[in-house]
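# Architecture at a glance
Chain by chain, the residues run as shown.
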Amino acid sequence: MIEVKNIYKSFDGANVLKDISNRFEQGKTNLIIGRSGSGKTVLLKSILGLYDIDQGEIWYDNREFVKMHHKERKKLRREIGMVFQGGALFDSLSVEANIRFPLDMFTHQSPVEKKKRVEFCLEHVNIEKSAFKLFPSEISGGMQKRVAIARAIALNPKYLFCDEPNSGLDPETATIIDQLIQHLTREFEMTTIINTHDMNSVIEIGESVLFIAKGEVAWTGSNKEILETRNKKLNDFIFANKLYAQLREEKN
Ligand SMILES: Nc1ncnc2c1ncn2[C@@H]1O[C@H](COP(=O)(O)OP(=O)(O)OP(=O)(O)O)[C@@H](O)[C@H]1O
């Protein structure tokens with residue numbers, strides 16, 4: 001579980017996050033949604049400690065991040081997996097070397113243990129052995145995302161952060177990636193936070209949704225509740241999506 005309490009963040013006097021509080025549950029896909037510029041990325045980076053917040057608390061289970069010493073933060077970072085926008089794989093490394101990279105960096109595992117772990121992670125994202133030696137440029141965008149997810153879970157993280165994980169993918173592949181993240185989140189009981197403005201993801205895996213508007217919490221709930229909400233800001237945001245509007249009409 002990750003909990004943020006009354007977070008404020010400003011840049012040069014401009015308030016970007018205003019009194020944000022929310023609980024991101026373990027074993028669930030927790031989505032942060034909102035318009036472009038609403039503060040999603042700043043919130044994600046603040047939780048990760050990439051930005052220092054002005055005020056508030058950030059709890060990783062029973063550990064308060066803001067008050068942690070450098071060493072404790074470093075230790076905590078080992079418990080965090082990240083899937084970046086675009087995948088951010090190392091182009092010069094093969095698929096399997098990409099997964100082995102965090103193991104080389106952060107563990108003292110033997111070559112045999114590392115090989116096992118690499119295989120375990122790649123199997124969990126449904127990558128076949130024949131693709132292990134390929135380079136990122138030789139595989140599809142969807143497969144690159146799966147490799148990025150496999151790398152993110154290599155160190156068996158308790159917390160998984162995904163920034164626009166299915167950007168640039170066709171809708172069908174995007175759904176497969178969403179479902180994969182949800183499946184892994186449940187299987188490994190991770191606390192997963194996903195930044196997205198993809199309404200399909202909201203409907204598909206939005207077990208817990210935080211909607212931010214102009215840096216403030218404007219609505220929280222689940223994908224089921226979204227179909228019934230009368231929240232004006234949220235409706236304005238999601239009605240921009242024709243598929244959602246249709247779903248909503250069918251439901252009412
Ligand atoms: N490092 C920074 N310095 C100054 N202002 C920033 C910085 N990072 C973000 N901002 C401002 O904070 C606001 C929120 O930005 P943020 O990137 O969090 O939006 P977002 O909701 O993630 O948008 P998008 O969906 O387009 O990625 C914007 O007005 C942005 O200009």
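Scroll up a little and you will see the structure.
An account of the accompanying structure is given in this report. Numbering of residues starts from 1 in every chain and runs along the sequence as written. Two thresholds apply to this predicted model, a pLDDT of at least 70 for residue-level local features and 80 or more for giving and counting side-chain atom pairs, whereas whole-chain, interface and lining totals are computed over all residues. Heavy atoms from the whole structure form the basis of all side-chain values; hydrogens and water molecules are not counted.

What follows covers the nonpolar core. In these notes, a set of buried Ala, Val, Leu, Ile, Met, Phe, Trp, Tyr and Cys residues joined through side-chain atoms within 4.5 Å is what counts as a nonpolar core. For the exposure calls, accessible area comes from a 1.4 Å probe over protein chains only, and a residue counts as buried if that area is under 20% of its type's maximum, exposed if over 50%, partly exposed in between. Core analysis: the largest hydrophobic core is formed by 44 residues, its most contacted members being Ile 33, Ile 99, Leu 122, Val 125, Ile 127, Ile 149 and Leu 234. Residue contacts are counted whenever heavy atoms from the two residues lie within 4.5 Å of one another. Setting aside residues no more than four positions away along its own chain, Ile 99 makes contact with Val 118, Cys 121, Leu 122, Val 147, Ala 150, Arg 151 and Ala 154. Ranked by size, the runner-up nonpolar core spans 24 residues in total, among them Ile 32, Ile 58, Tyr 60 and Phe 161.

Glancing now at the layout of surface pockets. In this analysis a 1.4 Å probe is tested at points of a 1 Å grid over the protein atoms alone, and where it fits but cannot get out there is a cavity; an open set with protein on both sides within 12 Å along at least five of seven lines is a pocket; lining residues have an atom within 4 Å of a point. Grid points are joined across faces, edges and corners, and a volume is the space filled by probe spheres set on the points. Each pocket or cavity is described by its volume, and for the largest pocket that value is around 600 Å³. Mapped onto the lining of the largest pocket, the elements with two or more residues apiece are helix H2 (70–77), strand E6 (80–83), helix H3 (95–106) and helix H5 (141–152). Numbering of helices and strands starts at the N terminus; helices are DSSP runs of H or I of at least 4 residues and strands are runs of E of at least 2. Top element by residues in the lining of the largest pocket is H3. It accounts for 4 residues. Amino acids outside the nonpolar list (Ala, Val, Leu, Ile, Met, Phe, Trp, Tyr, Cys, Pro) and the charged list (Asp, Glu, Lys, Arg) are all regarded as polar, and Gly is one of them. A class-by-class count of the residues in the lining of the largest pocket yields 14 nonpolar, 1 polar and 4 charged. Counted as a void, the second largest pocket has a volume near 200 Å³. Lining the second largest pocket are Arg 35, Ser 36, Ser 38, Phe 211, Ile 212, Ala 213, Lys 214, Glu 216, Lys 233 and Asp 236. Looking at the lining of the second largest pocket, the elements that each hand over two or more residues are strand E9 (208–213) and helix H9 (232–238). Counting residues per element, the lining of the second largest pocket draws most heavily on E9, at 3 residues. Tallied by class, the residues present in the lining of the second largest pocket amount to 3 nonpolar, 2 polar and 5 charged.

What follows covers H3. Every buried residue belonging to H3 is among Val 95, Glu 96, Ala 97, Asn 98, Ile 99, Pro 102 and Leu 103, and all of these are buried. For H3, the elements touching its buried residues are helix H4 (111–124) and H5.

Its 14 residues give H4 an end-to-end C-alpha distance of 20 Å, which sits within 8% of 20 Å, the value for a rise of 1.5 Å per residue. All of the buried residues in H4 are Lys 114, Arg 117, Val 118, Glu 119, Cys 121, Leu 122 and His 124. At its buried positions, H4 is contacted by H3, H5 and helix H6 (171–187). Asn 126 sits one or two positions beyond H4 and adopts a positive phi of about 60°. Any helix carries an expected span of 1.5 Å times its number of residues minus one.

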